[in-house]
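# Remarks on the overall topology
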Amino acid sequence: MLPQHQSNSINMLLDQLQTMQLQEETFYKSSDYLSELSTSASPYRSHSSKQVTHADRSSMITWSYQIVDCCRISRSIALSAASLFDRFMSKQSLRAGLAMHSKYDFQLIFITCLIIALKARAGMVVESDFVSATMCQGLYQQDEIVSMEMEILEVLGWRVNGPNIHEFIHLYLELLSDDVKSSKTIAMLTNLATSMAEQATLDYPMALQAP
């Protein structure tokens, strides 16, 4: 039988995991938006034959990994950006519908989601002129980025601090028994789990179509 303090600690971890899972299934839920596109009758969805693909999404997430790696920031920020992006694209909004058939808008939305994640999750100050000139190489203007940021925040109801994959991994590892929780073991499992999670996020079917 576990000592009382250990039992309480485990119960707190389980409660936290349950709360995070509930958040993922409600306020922070994404849908299989690319598959829904072909059957949607929504007026927000264009019926043009040209459509963005799973590969387009994967390319943007890979780009975000490169950005945070270059800046020596945790990839959890890129994963948060991907979550914001998937949630926005799952919404019934005009811009999300148009982005299904426009790589220009598709990329602008993702870039803006990364900016939001850098601000909300990393506490960084990210100036729109820096994003326009450096991150986007002049492809997008400052006013486009600022306008897109406000639209994303409004569509998502300003909910930008949902559970992160890295946070789930950390809590699950905290549940390991003390006899296997050496620093070396935790480091190895953390690296393995986060690497697998990052690869899984790149895979659209696994990230958004898995039951």
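Quick caveat, the model's predicted, so the values are computed rather than measured.

### Here we look at helix 8 (residues 142–155)
Here helix 8 spans 20 Å end to end across 14 residues, near enough to the 20 Å set by a 1.5 Å rise per residue. Residues of helix 8 that are buried: Ile145, Met148, Glu149, Ile152 and Leu153. Buried residues of helix 8, seen end-on, are gathered within an arc of 130° and therefore sit on one face of the element. When the buried face of helix 8 is taken as reference, the exposed residues oriented beyond 90 degrees from it are Asp143 and Glu154. Those residues of helix 8 hidden inside the fold are in contact with helix 4 (76–90), helix 5 (94–99), helix 6 (103–122) and helix 7 (128–135). Looking one or two places after helix 8, you find Gly157, whose phi comes out positive at around 65°.

### A short note on the side chain of Arg57
Structurally, Arg57 can be placed in helix 3 (residues 54–70). Accessibility expressed as a relative area gives 1% for Arg57, which makes it buried. In this view, Arg57 contacts Tyr33, Phe85, Asp86, Phe106, Thr201, Leu202, Asp203, Tyr204, Ala207 and Leu208; residues no more than four positions away in its chain are not counted.

### Describing the nonpolar core
Ranked by internal contacts, the top residues of the largest apolar core, which has 46 residues, are Met89 and Ile109. If one sorts the elements of this core by residue count, helix 6 sits on top with eleven residues. In this structure, Leu17, Met20, Phe168 and Leu171 belong to the second largest nonpolar core, which totals five residues.

### Some remarks on the layout of surface pockets
What the largest pocket holds in volume is close to 970 Å³. Every element with two or more residues in the lining of the largest pocket is listed here: helix 1 (4–25), helix 4, helix 9 (165–174), helix 10 (183–202) and helix 11 (204–209). Looking at which element gives the most residues to the lining of the largest pocket, the answer is helix 4, with seven residues. A per-class count over the lining of the largest pocket returns 19 nonpolar, seven polar and seven charged.

### Some remarks on helix 6
Between its first and last C-alpha, helix 6 extends 27 Å over 20 residues, near the 28 Å set by a 1.5 Å rise per residue. Where helix 6 ends, the next residue or the one after it, Gly123, has phi of about 65°, a positive value.

### As for the packing of helix 3 against helix 10
Packing of helix 3 against helix 10 brings their axes to within 8 Å, and their N-to-C directions diverge by 145°. Residue-level contacts link Arg57, Ser58, Ile61, Thr62 and Tyr65 of helix 3 to Glu198, Thr201 and Leu202 of helix 10. Taken together, the residues that form the contact of helix 3 with helix 10 break down as three nonpolar, three polar and two charged.

### Describing the state of the cysteines
By definition, a disulfide links the sulfur atoms of two cysteines through a covalent bond. One pass over the full model with this rule turns up zero disulfides. Summary of cysteine pairing: Cys71 is not part of a disulfide, and the nearest cysteine sulfur, belonging to Cys70, is at 5.2 Å.

### Quick word on a nonpolar patch on the surface
Residues Val146, Met150 and Trp158 make up a contiguous nonpolar surface patch of about 300 Å² in total accessible area. Looking at the element boundaries, Met150 is found in helix 8. Classification of Met150 by relative accessible area gives partly exposed; the value is 35%.

### Examining the packing of aromatic side chains
Tallied over the entire structure, the rule returns six aromatic pairs. Between Tyr33 and Phe85, the aromatic rings sit 6.5 Å apart at their centres with planes inclined by 80°, giving edge-to-face as the arrangement. Pair noted here: Tyr33 is in helix 2 (residues 33–37) and Phe85 is in helix 4, with a separation of 52 residues, a long-range link. The burial state of Tyr33 is the same as that of Phe85; both residues are buried.

### A few points about the pattern of salt bridges
Enumeration according to the criterion identifies six salt bridges in this entry. The residue Arg57 makes a salt bridge to Asp86 at a minimum N-O spacing of 3.0 Å. Within this pair, whereas Arg57 is found in helix 3, its partner Asp86 is found in helix 4, the two being separated by 29 residues in sequence. Comparing Arg57 with Asp86 shows no difference in burial state: the two are buried. Between Lys119 and Glu149 there is a salt bridge, and its shortest N-O distance comes to 3.0 Å. Taken together, the residues span a long stretch of sequence, with Lys119 in helix 6 and Glu149 in helix 8 at a distance of 30 residues. Judged by relative accessible area, Lys119 falls into the partly exposed class, the value being 31%. Among the residues examined, Glu149 registers a relative accessible area of 14% and is labelled buried. Each of Asp69, Arg75 and Glu198 takes part in one network of salt bridges that share partners.

Cut-offs applied
- Residues numbered from 1 in each chain as written.
- Predicted model: local features only at pLDDT ≥ 70, side-chain atom pairs only at ≥ 80, totals over all residues.
- Heavy atoms only, no water.
- Helix = DSSP H or I, 4+ residues; strand = E, 2+ residues; numbered from the N terminus.
- Expected span 1.5 Å × (residues − 1).
- Buried < 20%, exposed > 50% of the residue type's maximum accessible area, 1.4 Å probe, protein only.
- Arc of directions from axis to C-beta.
- Contact = heavy atoms within 4.5 Å.
- Core = buried A, V, L, I, M, F, W, Y, C linked by side-chain atoms within 4.5 Å.
- 1 Å grid on protein atoms, 1.4 Å probe; cavity = no way out; pocket = protein on both sides within 12 Å on 5 of 7 lines; lining within 4 Å.
- Points joined across faces, edges and corners; volume = space filled by probe spheres on them.
- Nonpolar A, V, L, I, M, F, W, Y, C, P; charged D, E, K, R; others polar.
- Axes fitted to C-alpha atoms, helices over the stretch in contact; angles between N-to-C directions.
- Disulfide = S-S within 2.5 Å.
- Patch = residues over 30% accessible without salt bridge, like charges linked within 9 Å, V, L, I, M, F, W, Y side chains within 5 Å.
- Areas by Shrake-Rupley, 256 points an atom, 1.4 Å probe, with all protein chains shown as cover.
- Salt bridge = Lys/Arg side-chain N within 4 Å of Asp/Glu carboxyl O.
- Phe/Tyr/Trp six-rings, centres within 6.5 Å; stacked < 30°, edge-to-face > 60°.

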